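Here is how the chains run, residue by residue.
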Amino acid sequence: MTSIIEVEDLSKNYASTVAVDGVSFEVLEGEIFGLLGPNGAGKTTTMECVEGIRKPDGGHIFIFGLNPVTNANSLHERLGVQLQEAQLQKRIKVGEAVALWATLYSNPVDIEHLLEQLGLAEKRNTWFMNLSGGQKQRLSIALALIHDPDVVFLDELTTGLDPQARRTIWKLVSDIKTRGKTVFLTTHLMEEAEHLCDRVAIIEHGKIIALDTPANLVHDHCPEQSVVFSVKGPADTTPFESIVTKITQNGSAGEIRLHGIGEDFVSNVIHTVAAQNLSVLNFRTVTPTLEDAYLKLTGHSIRD
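Positions within a chain are numbered from 1, following the residues in the order the chain's sequence is written. Two thresholds apply to this predicted model, a pLDDT of at least 70 for residue-level local features and 80 or more for giving and counting side-chain atom pairs, whereas whole-chain, interface and lining totals are computed over all residues. As a rule here, side-chain values cover all heavy atoms of the structure and leave hydrogens and water aside.

Details of the nonpolar core
Inference 1: In these notes, a set of buried Ala, Val, Leu, Ile, Met, Phe, Trp, Tyr and Cys residues joined through side-chain atoms within 4.5 Å is what counts as a nonpolar core. The cut-offs for exposure are 20% and 50% of the maximum accessible area for each residue type, with area from a 1.4 Å probe on protein chains only; residues under the lower value are buried, those over the upper are exposed, and the others partly exposed. Ranked by size, the top nonpolar core spans 47 residues in total, and within it L139, I141, L154, V173 and L185 carry the most contacts.
Inference 2: When residues in this core are grouped by element, the largest group, six residues, is from helix α6 (residues 163–178).
Inference 3: Any two residues whose heavy atoms approach within 4.5 Å are treated as being in contact. Apart from residues lying up to four places away in sequence, I141 is in contact with L118, L154, L157, I169, L172 and I176.
Inference 4: I5, L35, M47 and V151 belong to the second largest nonpolar core, which has 24 residues in total. Helix and strand assignments follow DSSP, with helices taken as H or I runs no shorter than four residues and strands as E runs no shorter than two, numbered in order from the N terminus.

What follows is the structure in structure tokens.
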């Protein structure tokens, strides 16, 4: 796949504070690429350097082969940017804001269709100050998409939203990719990164410590799975010992938890349960997540 964004050895300092320290990655055409990490890790600074909003202190950045700082005018029509803390005038109406943004570009999309797509058509005459958090984020996305850009930057787009609004935004981001666009987003929400991103880079203290697909990161760093089931009466776990790495039991609840690795682990457990003719009351698998991989890589949970 074609590299749309190339970042090599990027660095950015604020006085004595090192915000970004030798970061390198590429974003491929048509993918959703996520920069994942806690607040203060360097995500927004990295994104703003890539967008051309901030000038890096070192390294090289290219978007479509162009420098985003020195070639900003050439990239203007091809990039759409949603900023983390963008605010509009309190009494600007949704329709007015979209119409104003449309005048900044030579070939804007159909405004009414865009409002319909983002569920804002009925809010076109509503002041910005009266929108909910999710509606404000959808408007922010609308302004980033007003010129049908090839690359869309989304910075912490669902922070502070309730689960329903978050899921709505996720659907919008997936739809952007479906239309053949490239998305570069930052987030500190593990579930969001795992749900949306084709690949993620985990950044800590200004350095990228891992980069791969969410599935590969989980597979490489947390290969162990668990099978949990309850049985009626006592159960002999000896037959499971050859296929598991660990067995734990909760005697009072009759619950057995088997830990193991490998693609055949769950199948082997099922076959052994059947061979032992156990009376199973419930059965579930527990698979590791991106959050588990993050914990393994960093040694701590993500901090706000």
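Quick word on the pairing of strand β7 (residues 182–187)
One face of the sheet, then the other: side chains in a regular strand alternate in exactly this way.
Inference 1: With six of six residues buried, β7 is to be regarded as a mostly interior element.
Inference 2: Side chains T182, F184 and T186 project from β7 onto one buried face, and the interleaved V183, L185 and T187 project onto a second face that is buried too.
Inference 3: Strands were regarded as paired on the criterion that DSSP finds at least two bridges between them. As judged from the five bridges shared by strand β3 (residues 32–36) and β7, these two strands associate in the parallel manner. Looking at the pairing, G34 lines up with L185 of β7.
Inference 4: For the crossover from strand β6 (residues 151–155) across α6 to β7, the handedness is right-handed. For the handedness criterion, the strands are oriented away from the viewer, and a crossover whose path from the first strand over the helix to the second runs clockwise is classed as right-handed.

Some words on the sheet that holds strand β10 (residues 225–231)
Inference 1: Read from one edge to the other, the open sheet built from four strands follows the order β11-β12-β10-β13, with strand pairing classed as antiparallel. Edge positions in the sheet fall to β11 (246–250) and β13 (280–286), since each of these pairs with one other strand and no more. Between one strand axis and the next, the sheet turns through 15° on average, direction left out of account.
Inference 2: Bridge count for β10 against strand β12 (residues 255–260) is six bridges, and the pairing is antiparallel. Directly across from F229, in β12, lies its bridge partner I256.
Inference 3: Working convention: axes come from line fits to C-alpha atoms, limited for helices to the stretch in contact. Angles between N-to-C directions cover 0 to 180 degrees. The sheet contacts of helix α9 (residues 265–275) involve β10, β12 and β13, and relative to β10 the element is tilted by about 20°.

Topic: the environment of T186
Inference 1: Take T186: it is sitting in strand β7.
Inference 2: Judged by its relative accessible area of 0%, T186 falls in the buried class.
Inference 3: For T186 and S74, which are 112 residues apart along the polypeptide, the C-alpha to C-alpha distance reads 24 Å.
Inference 4: Setting aside residues no more than four positions away along its own chain, T186 makes contact with L35, K43, M47, L154, D155 and E156.

Examining a negative patch on the surface
Inference 1: A contiguous patch of negative charge on the surface is contributed by E6, E8, D9 and E26.
Inference 2: Ranked by residue count, the leading element in the negative patch is strand β1 (residues 3–14), at three residues. Note that patches include only residues with greater than 30% relative accessible area and no salt bridge, and the join distances are 9 Å for like charges and 5 Å for nonpolar side chains (Val, Leu, Ile, Met, Phe, Trp, Tyr). All accessible-area figures derive from a Shrake-Rupley calculation using a 1.4 Å probe, and residue coverage is judged against the displayed protein chains alone. Should a side-chain nitrogen of Lys or Arg be within 4 Å of a carboxyl oxygen of Asp or Glu, the pair is scored as a salt bridge. For the purpose of counting charges, residues Lys and Arg are taken to be positive, whereas Asp and Glu are taken to be negative. His and the chain ends are not included. Lys charges are placed at NZ, Arg charges at CZ, Asp charges at CG and Glu charges at CD.

Brief notes about the sheet that holds strand β4 (residues 58–63)
Inference 1: Spatially, the three strands line up as an open sheet ordered β2-β1-β4, and their pairing is antiparallel. One side of each edge strand has no neighbouring strand; the edge strands of this open sheet are β2 (17–28) and β4. Across this sheet, the average inter-strand angle for adjacent strands is 15°, counted without regard to direction.
Inference 2: Two strands pair when backbone bridges link them, and β1 and β2 are joined in this way by nine bridges, in the antiparallel orientation. Bridged to S11 within β2 is D21.
Inference 3: Here helix α1 (residues 43–51) sits on the sheet and contacts β1, β2 and β4; the angle it forms with β1, its principal contact strand, is near 120°.

Considering a nonpolar patch on the surface
Inference 1: Nonpolar side chains collect at one region of the surface, where I53, V81 and L83 lie side by side and expose about 230 Å² of accessible area between them.
Inference 2: Mapping V81 onto the fold places it in strand β5 (residues 79–82).

Remarks on the pattern of salt bridges
Inference 1: Taken as a whole and assessed by the stated rule, the structure comprises twelve salt bridges.
Inference 2: Two residues, D175 and K171, come together in a salt bridge whose shortest N-O distance is 3.0 Å. With D175 and K171 both in helix α6 and four residues apart, the pair spans about one turn of that helix.
Inference 3: Close ionic contact of K177 with D198 constitutes a salt bridge, the shortest N to O distance being 2.8 Å. Separated by 21 residues along the polypeptide, K177 in helix α6 and D198 in the loop between α7 (190–196) and β8 (199–204) bring together distant segments of the chain.
Inference 4: Residue K177 is classed as partly exposed on the basis of its relative accessible area, which comes to 30%.
Inference 5: With a relative accessible area of 28%, D198 lands in the partly exposed category.
Inference 6: Each of D148, R179 and K181 takes part in a single network of salt bridges with overlapping partners.

Remarks on unusual backbone geometry
Only a minority of non-glycine residues have a phi that is not negative, and only a minority of peptide bonds are not trans.
Inference 1: The backbone of A15 shows a phi angle near 55°, a positive value even though the residue is not glycine.
Inference 2: With respect to the helices and strands, the residue A15 is situated in the loop between β1 and β2.
Inference 3: The exposure class assigned to A15 is exposed, which follows from its relative accessible area of 82%.
Inference 4: In this structure, H205 takes a positive phi of about 50° despite not being glycine.
Inference 5: One can find H205 in the loop between β8 and β9 (207–212).

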